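# An overview of the molecular structure
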Amino acid sequence: MKTKLAQAMGLTAALLAASAYAQNIKVAQVVELSGGGTAAGTMYRNGAKLAINEINAAGGVMGKKIESIEMDTQSQPAIAKAMTVKAIDEKVTAIFGPVFSGSILVSQTESQKANIPNFTGGEASNVTAQGNPYIFRSSFNQAMGMPKVAAYMAGELKAKSVAVVFVNNDFGKGGRDAIVKELGARNVKVAADISTDPGQVDMSSAVLRAKQANADALFAYLNEEESARLLKELRKQGYDKPLVGETTLMGAKVIELAGSAANGVRGHVGLTADAPMFKDFGAKFEKEYKSKPDHNGIKGYFSAYMLKAAIEKAKSTDGKAVAAAMKNACFKVKDNPGILLDVCFDDKGDIDRESFLVEVKDGKQVVTQTLPMLNKR
C-alpha cells in the first residue's frame, strides 16, 4: 500500500513539475562560446544569464520563469544557422545571438521563418537591411555610430587624412565602408585603406603601411583580439598619431589583452561599463563572474530585460505579438529599470539611445562626453 502511495505521489510530483516546466518561457543563447568570437560571445552570454537570474528571482515575466539553453556557434556562420534551427525545434520564445555579424546574417533567416524574435549584437549595417520583422539589435548599427566617429576626427582632432585598418569580414567591411563614406562627407582623405585577415596574428605589415601613409590619425575596426594585437604592434613600431575607433578598439577585453598599449585610444562607444548609469550593473557582473563586463556583457543583459519589457507590453509570449511590441516603439528606464538606458527601435529593428565618447587612461575607459539619442522621441 505504501509503495503504491509513494508511486502515486511521485507521479503527481512529476506531473506538477512537467506542468511548471511547460509554463516556463524558454529562450536560447546562440552565441560564440569557442573560436574567434569566444570573448564577445561569452560576455554576451554572461550578461544575459545575470539578467535572467535577476528576473526569475523577482518573480519572472507575467508569473513565468525564464529558462535559458545555450548553444555554441563555434564562431562559424554555418554552425550558427544549425544551432538556430535546433533552438527553433526546442520551441523557444526568443533567441539571443549570435554576436558576430557574419553569423547572424546567415542564421536570422531561420528565426524569421519561425516568427521568433531574435536579438543580436551584430553591428554590420546589412543585418537589419533584409526586411526581417523579427530581428532586433542590442547595439548601434555602423550607419549610426560612424557619423559620430567621423565628426570627432574631423572636428576635434582636425584630421585632414586618416589611415583606415579593418578586418576583412562582414563586420569589418561594413565598418570600413561606413567610415570611408562619412570621412568623405567631411572632406577627410583616406590616406591608406588596409585590410587584415580574421584572426590575423602578425600585424607588423599593416602597421608599417599605416606609418608610411603619414596620415593625421588612424582609424581601426577589427574584432577584439585582433584590435589588441594591432595596438601592441603600433606601440612597438612607435606609431605616434591619434588612434581612433569604435567599441571594439577600446572594450574591456581589448584593454585587458593590450595592457598599456591601449592607453590613449579614443573614440565612440555605444556602451561602456564605465558610464555612471552602468556602475551598479558592472559591480554585479564583476561579483558574479570575477571579470569586468565589456559592451557585449551589457548587450546580453539588456537583451534579456528588453524581452521582458516587450512580453509585458504585448501581454503575450507569441512571437508576432512580441516583435510588434518593439517595432517603432520606445521604452524608458523608469518603467523598465533593467534596460539601463531609454531606448527606441525603428521599423527595421535598429536601436537608438545615448552613447559615449571615451579615452583609455591608465587601463580604464574614461567617458569624456555623453552623446544624445539621434532621434529623440
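Residues numbered from 1 in each chain as written. Predicted model: local features only at pLDDT ≥ 70, side-chain atom pairs only at ≥ 80, totals over all residues. Heavy atoms only, no water.

A few words on helix α11 (residues 295-314). Under the 1.5 Å per step criterion, the end-to-end length of α11 is 28 Å for 20 residues, consistent within 8% with the ideal 28 Å. Its side-chain oxygen at 2.8 Å from the backbone nitrogen of N296, D294 defines the N-terminal cap of α11. Note on α11: the residue one or two positions beyond its end, K315, has a positive phi of about 55°. (Helix = DSSP H or I, 4+ residues; strand = E, 2+ residues; numbered from the N terminus. Expected span 1.5 Å × (residues − 1). Polar contact = N/O pair within 3.5 Å; in protein donor to acceptor, adjacent residues only side chain to side chain.)

By the definition in use, this model includes 15 salt bridges. Note that E110 is salt-bridged to K113, the shortest N-O span being 3.4 Å. Of this pair, E110 and K113 both sit in helix α4 (residues 101-113), three residues apart, which is roughly one turn of the helix. Take K113: its relative accessible area is 63%, and that puts it in the exposed class. Across the pair K308 and E312 runs a salt bridge, and its minimum N-O distance is 2.9 Å. Highlighted residues: K308 and E312, both in helix α11, separated by four residues, approximately one helical turn. In this structure E312 comes out as partly exposed when scored by relative accessible area, which is 29%. Among the charged side chains, a salt-bridge network with shared partners connects K81, E110 and K113. (Salt bridge = Lys/Arg side-chain N within 4 Å of Asp/Glu carboxyl O. Buried < 20%, exposed > 50% of the residue type's maximum accessible area, 1.4 Å probe, protein only.)

With parallel pairing, the five strands of this open sheet are ordered in space as β2-β1-β3-β4-β5. Only two strands of the sheet have a single partner each, and these edge strands are β2 (66-72) and β5 (135-137). If you compare each strand with its neighbour and ignore which way they point, the axes differ by 25° on average. The pairing of strand β3 (residues 94-96) with strand β4 (residues 118-120) spans two bridges and is parallel. The residue of β4 that forms the bridge with F96 is F119. (Pairing = 2+ DSSP bridges. Axes fitted to C-alpha atoms, helices over the stretch in contact; angles between N-to-C directions.)

You can see Q365 is positioned in strand β15 (residues 364-371). At 2.3 Å, the side chain of Q365 and the backbone oxygen of M250 are in polar contact. Residues in contact with Q365, not counting those within four places in the same chain, are M250, G251, I255, V269, T272, D274, V358 and E359. (Contact = heavy atoms within 4.5 Å.)

With that out of the way, let us pick up the pairing of β2. Both strand β1 (residues 25-31) and β2 contribute to a ladder of seven bridges, which runs parallel. In the strand pairing of β2, K26 is matched with E67. For the crossover from β1 across helix α2 (residues 38-57) to β2, the handedness is right-handed. (Right-handed = clockwise from strand over helix to strand, strands pointing away.)

It is at 11 Å that the axes of helix α10 (residues 279-289) and α11 come closest, and there the two elements cross at 100°. In terms of orientation, α10 lies roughly perpendicular with respect to α11. When α10 is examined against α11, the residues F281, K284 and F285 are found in contact with a partner set consisting of G297, I298 and Y301. In the contact of α10 with α11, the residues fall into four nonpolar, one polar and one charged. (Parallel < 35°, antiparallel > 145°, perpendicular 65-115°, else oblique. Nonpolar A, V, L, I, M, F, W, Y, C, P; charged D, E, K, R; others polar.)

With that out of the way, let us pick up the packing of aromatic side chains. Throughout the structure, instances matching the rule amount to 10 aromatic pairs. Aromatic side chains F119 and F136 sit 6.1 Å apart centroid to centroid with 35° between the ring planes, which places their arrangement in the tilted category. Taken together, the residues span a long stretch of sequence, with F119 in strand β4 and F136 in strand β5 at a distance of 17 residues. For F119, a relative accessible area of 0% puts it in the buried group. Given a relative accessible area of 0%, F136 falls into the buried group. Here the aromatic rings of F281 and F285 are separated by 5.8 Å at their centres, their planes lie at 55°, and the arrangement is tilted. One end of the pair is F281 and the other is F285, both in helix α10 and four residues apart, which spans about a single turn. Assessed through its relative accessible area of 2%, F281 is described here as buried. These aromatic residues form a ring-pair network of at least three members: F281, F285, Y289, Y301 and Y305. Here the basic side chain of R353 rests over the ring of F302, its NZ or CZ set 4.9 Å away from the ring centre. (Phe/Tyr/Trp six-rings, centres within 6.5 Å; stacked < 30°, edge-to-face > 60°. Lys NZ or Arg CZ within 6 Å of the ring centre and 35° of its normal.)

These figures capture arrangement, not role.
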